[in-house]
Amino acid sequence: MQTPSLSSILRPGTYPLLIDGEERPGAAGRRFEVGNPSTGRTLAQVAEADAQDVDAAVRAAQHAFETHWRHTSARQRSRLLRKLADALERRSEQLAWLETWNVGRPITLTRASLRTMLDGIDYIAGVSQGIGGQTHNIADTHIVNFTLREPFGVVGLILPWNYPLTLTLSKLMPVLAAGNTAVIKASEVTPLSSVELGAAILEAGFPPGVVNIVHGPGASVGQALVDHPLVERISFTGGTSTGKAIYRSAAERIKRVTLELGGKSPLVVFDDADLDAAAGVALQDVSRNTGQICIACTRLVVHERVIDAFTERLRVLYGRIRIGLPEDPQTEMGPLVSSAQHERVQRYVEIGRDEQADPQAMQDLSGRPELREGFFAAPTLFAKARSEMRVAQEEIFGPVQALIPFRDEADAVRIANDSRYGLAGVVYTRDGARAMRMCKALQIGNLAVNDPIKATADAPFGGFKESGLGKERGLDAILENTQVKNVRFSMR
Ligand code: NAD
């Protein structure tokens, strides 16, 4: 398939806000630029919201909640969600290209993740219809005691830049299915696909105000959303330090929060493991989305007896990753999202050098003129890392991994848990009992054994420790978007 022209995918003017069912500019008329990370050039202009726009969006969401959305049935909401899936499917090529140009993720991958997302909507639309309260057999037989699961009202959704559409939808679907209305604050780095999501929401027939979308910097627009008194709940995905600041602000009014934060996930490889399969997971995590994945295994914790054989496999695999322009269907790994992210990765390579972690670039990109303008980086291994080093402790968010040897199972557990994060982890071993012991010992919210980590719509997802609070996805996500009301109903 040919690369489409920019003008056939991009809107001609400024990308608008969506408030109360209307696409509109920001009240102050301000705009900001977003770029294409594979060329370093400006891609589009986006309307910037201010506190007045955030207030209008929240009030529209509150009005839609009170007058309409809270009175709908789960079935009515599910029907609209399915219509949204249809509307998204109709514009799937446009969405895939927007994500490819704005995020830098190869087109084959943005197309594939759209397919998964549509299946996810189907799951939420189905399972949400079975959610309800319970009756309780309490001591007083003249009382029927039951619970209702009720929506909160307006939920604020704040998103990062790495998987804009997937993450927005995985938050939004359970929020809406549970009967809440939403104000979305897309990442200021990658807001374009959220504007087309807004258009799909209008096309699907959602009443005005049920979903509103604002754009702009986190410190002003995001903070205004978190602080707004009519926002009952915040669902945030992003960095741990931002998550802590949001948690502190939300505490002021005891707002409910879901926080999906950073990670430094271990891939633990025992000496009896299928080394090819384990190396395949490491490869996927260094290259997919250029390593900018919260759940990526960035600490390769490998038994000392097999570490050389494992590293040799990585050298071969990483040397073959097809790094290139994301428009090319052959490309497996595109650029980093921005110059800031590129500088961050380079800075950590220097930190690793200073720590004597022995950073080794697995490809030489210097002879690739077509990559010169963009924010490309070679997959890099810190070949002599130790657990206490900064490159093994801090989230870098790029195609870099730290290789750390271990002696025995207890050592593997100690190293894998030696992190303030607890988002995800993978264990490779052929010993079933040991695998089960590891599952119990690891302080990690999302584990996989002899398989890569995947966040799917139909299973709960969320981190331990400083990786987050609460669950997204699966049935748990819908339940988290409801509050339980207990009712004593007298028959006297
Ligand atoms: P970030 O924390 O810088 O920004 C995330 C969002 O928060 C952006 O929309 C930003 O504008 C907004 N924001 C910033 N300051 C704010 C404030 N004071 N109040 C309200 N909103 C504010 O994160 P990022 O750089 O966009 O994304 C990368 C991070 O996201 C990484 O740490 C990654 O691990 C994390 N992430 C986590 C998950 C997960 O599911 N756990 C998934 C994807 C990304």
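Keep in mind that what you see is a predicted model, and the values were worked out from it rather than measured.

1. Section: the sheet that holds strand β22 (residues 482-490)
Okay, so step 1: Pairing within the open sheet is antiparallel, and its three strands lie in the order β5-β6-β22. One side of each edge strand has no neighbouring strand; the edge strands of this open sheet are β5 (135-136) and β22.
Okay, so step 2: Looking at chain direction, β5 and strand β6 (residues 143-151) are connected through two bridges and run antiparallel. Across the sheet, residue threonine 135 finds its bridge partner in β6, namely phenylalanine 146.

2. Some words on the environment of lysine 454
Okay, so step 1: Position of lysine 454 relative to the elements: it lies in the loop between β19 (446-449) and β20 (464-465).
Okay, so step 2: Distance from lysine 454 to isoleucine 295, taken between C-alpha atoms, is 8.3 Å for residues 159 residues apart in sequence.

3. Looking at the sheet that holds strand β12 (residues 265-269)
Okay, so step 1: The seven strands lie next to each other as β14-β15-β16-β13-β12-β18-β19, forming an open sheet whose pairing is mixed. In this open sheet, the two strands that pair with only one neighbour each are β14 (359-361) and β19. Averaged over all neighbouring strand pairs, the angle between strand axes comes to 20°, with direction disregarded.
Okay, so step 2: Here strand β13 (residues 297-303) pairs with strand β16 (residues 400-406) via five bridges, running parallel. If you follow arginine 299 over to β16, its bridge partner there is alanine 402.
Okay, so step 3: Across the sheet, helix α14 (residues 409-417) touches β12, β13 and β16, and the angle it forms with β16 is around 150°.

4. Examining the domain arrangement of the protein chain
Interface size is often expressed as the accessible area that is lost when the parts come together.
Okay, so step 1: As assigned here, the protein chain comprises domain 1 (6-261 + 468-486) and domain 2 (265-457).
Okay, so step 2: Placing the centre of domain 1 and that of domain 2 at their C-alpha centroids yields a distance of 30 Å.
Okay, so step 3: Taken residue by residue, the interface counts 28 residues in domain 1 and 31 residues in domain 2.
Okay, so step 4: Interface of domain 1 and domain 2: buried area, both sides summed, is about 2200 Å²; carbon and sulfur atoms make up 58% of it.
Okay, so step 5: Counting the surface domain 1 buries against domain 2, the share from its top three residues, Pro37, Ser38 and Trp161, is 24%.
Okay, so step 6: Connecting domain 1 to domain 2 are zero salt bridges.
Okay, so step 7: Taken together, domain 1 and domain 2 are joined by eight residue pairs in polar contact (both at pLDDT 80 or more).
Okay, so step 8: Of all elements in the fold, only α4 (92-103), α5 (107-127) and α9 (240-251) reach the threshold of two or more residues within the side of domain 1 that touches domain 2.
Okay, so step 9: Of the residues that constitute the side of domain 1 that touches domain 2, the class distribution is twelve nonpolar, twelve polar and four charged.

5. Focus on the pairing of strand β4 (residues 41-47)
Okay, so step 1: By the bridge criterion, six bridges tie strand β3 (residues 31-36) to β4 in an arrangement that is antiparallel. Looking across to β4, one finds that phenylalanine 32 is bridged to valine 46.
Okay, so step 2: Counted along the chain from β3 to the antiparallel partner β4, the turn is four residues long, and its residue glycine 40 has a positive phi close to 75°.

6. As for the site of the ligand
Okay, so step 1: Taken together, 28 residues surround the ligand, and among them Leu159, Glu188, Thr242, Leu261 and Glu395 come closest.
Okay, so step 2: Interatomic distance of 2.7 Å between a side-chain N/O atom of lysine 185 and an oxygen atom of the ligand.
Okay, so step 3: Within the complex, 87% of the 850 Å² of free accessible area of the ligand lies under protein.
Okay, so step 4: Contributions of two or more residues to the shell around the ligand are made by α8 (218-227), β10 (231-237) and α9.
Okay, so step 5: With four residues, α8 is the single largest residue contributor to the shell around the ligand.
Okay, so step 6: Across the shell around the ligand, the residue classes tally to 14 nonpolar, ten polar and four charged.

7. A closer look at unusual backbone geometry
Okay, so step 1: Of note, the phi angle at threonine 290 is positive, near 55°, even though the residue is not glycine.
Okay, so step 2: A positive phi angle, close to 70°, is found at phenylalanine 397, a residue other than glycine.
Okay, so step 3: Counting through the fold element by element, phenylalanine 397 comes out in the loop between α13 (390-393) and β16.

8. Some points on helix α6 (residues 164-177)
Because an α-helix packs 3.6 residues into every turn, residues spaced three or four apart end up facing the same way.
Okay, so step 1: Over its 14 residues, α6 extends 20 Å from the first C-alpha to the last, a length consistent with the 20 Å expected when each residue adds 1.5 Å.
Okay, so step 2: A positive backbone phi angle near 100° is found at glycine 179, which sits one or two residues after α6.

9. Topic: the packing of α8 against α9
Okay, so step 1: Running from amino to carboxyl end, α8 crosses α9 at an angle of 35°, the nearest separation of the two axes being 9 Å. In terms of crossing hand, the pair formed by α8 and α9 is right-handed. Taken together, the residues of α9 that come into contact with α8 (itself represented by Gln223, Val226 and Asp227) are Ile246, Ser249 and Ala250.
Okay, so step 2: By residue class, the composition of the contact of α8 with α9 is three nonpolar, two polar and one charged.

10. What about empty space enclosed by the protein?
Okay, so step 1: With the rule as written, the count across this model stands at six cavities of 30 Å³ or more.
Okay, so step 2: Estimated volume of the largest cavity: approximately 60 Å³.
Okay, so step 3: Residue lining of the largest cavity: Gly263, Lys264, Gly291, Ile293, Cys294, Ala296, Thr298, Glu395, Ile396, Phe397, Gly398 and Val400, and that is the complete set.
Okay, so step 4: Among the residues forming the lining of the largest cavity, the class breakdown is six nonpolar, four polar and two charged.
Okay, so step 5: Considered as a void within the structure, the second largest cavity measures approximately 50 Å³ in volume.
Okay, so step 6: Of all the secondary-structure elements, those providing two or more residues to the lining of the second largest cavity are α6 and β10.
Okay, so step 7: Of all the elements, α6 adds the most residues to the lining of the second largest cavity, at four residues.
Okay, so step 8: Considering only residue class, the lining of the second largest cavity consists of three nonpolar, three polar and four charged.

Calculation rules
Position labels on residues start from 1 in each chain and follow its written sequence. Given that this is a predicted model, residues contribute local features only at a pLDDT of at least 70 and side-chain atom pairs are listed and counted only at 80 or more, while totals for whole chains, interfaces and linings are drawn from all residues. Only heavy atoms go into the side-chain values, all of them from the structure, while hydrogens and water stay out. Paired strands, as defined in this entry, are two strands with at least two bridges between them according to DSSP. Numbering goes from the N terminus for both helices and strands, where a helix is a DSSP run of H or I of at least four residues and a strand is a run of E of at least two. Orientation is described by axes fitted as lines to C-alpha atoms, over the contacting stretch for helices, and by angles from 0 to 180 degrees between their N-to-C directions. Contact between two residues is taken to exist if any of their heavy atoms lie within 4.5 Å; hydrogens are not considered. Residue ranges assigned to each domain were obtained from an automatic or database domain assignment. Buried area counts how much accessible surface, traced with a 1.4 Å probe, disappears from two parts once they are put together, with both parts' losses summed. Salt bridge, as applied in this entry: a Lys or Arg side-chain nitrogen positioned within 4 Å of an Asp or Glu carboxyl oxygen. Nitrogen and oxygen atoms within 3.5 Å of one another constitute a polar contact, given that in protein one can donate a hydrogen and the other can accept it, and given that sequence-neighbouring residues count only through two side-chain atoms. Each residue receives one of three labels: charged for Asp, Glu, Lys and Arg, nonpolar for Ala, Val, Leu, Ile, Met, Phe, Trp, Tyr, Cys and Pro, and polar for the others, Gly being one of them. One heavy atom within 4 Å of a molecule or strand makes the whole residue count as near it. All accessible areas in this document rest on Shrake-Rupley with a 1.4 Å probe, and a residue is counted as covered only by the protein chains that are shown. Working rule for helices: expected span equals 1.5 Å times residues minus one. Helix crossings fall into two classes, left-handed where the near helix is turned counterclockwise from the far one by less than a right angle and right-handed where it is turned clockwise. The rule is simple: put a 1 Å grid over the protein atoms alone, call a set of points where a 1.4 Å probe fits but cannot get out a cavity, call an open set with protein on both sides within 12 Å along at least five of seven lines a pocket, and count a residue as lining if it has an atom within 4 Å of a point. Grid points are joined across faces, edges and corners, and a volume is the space filled by probe spheres set on the points.

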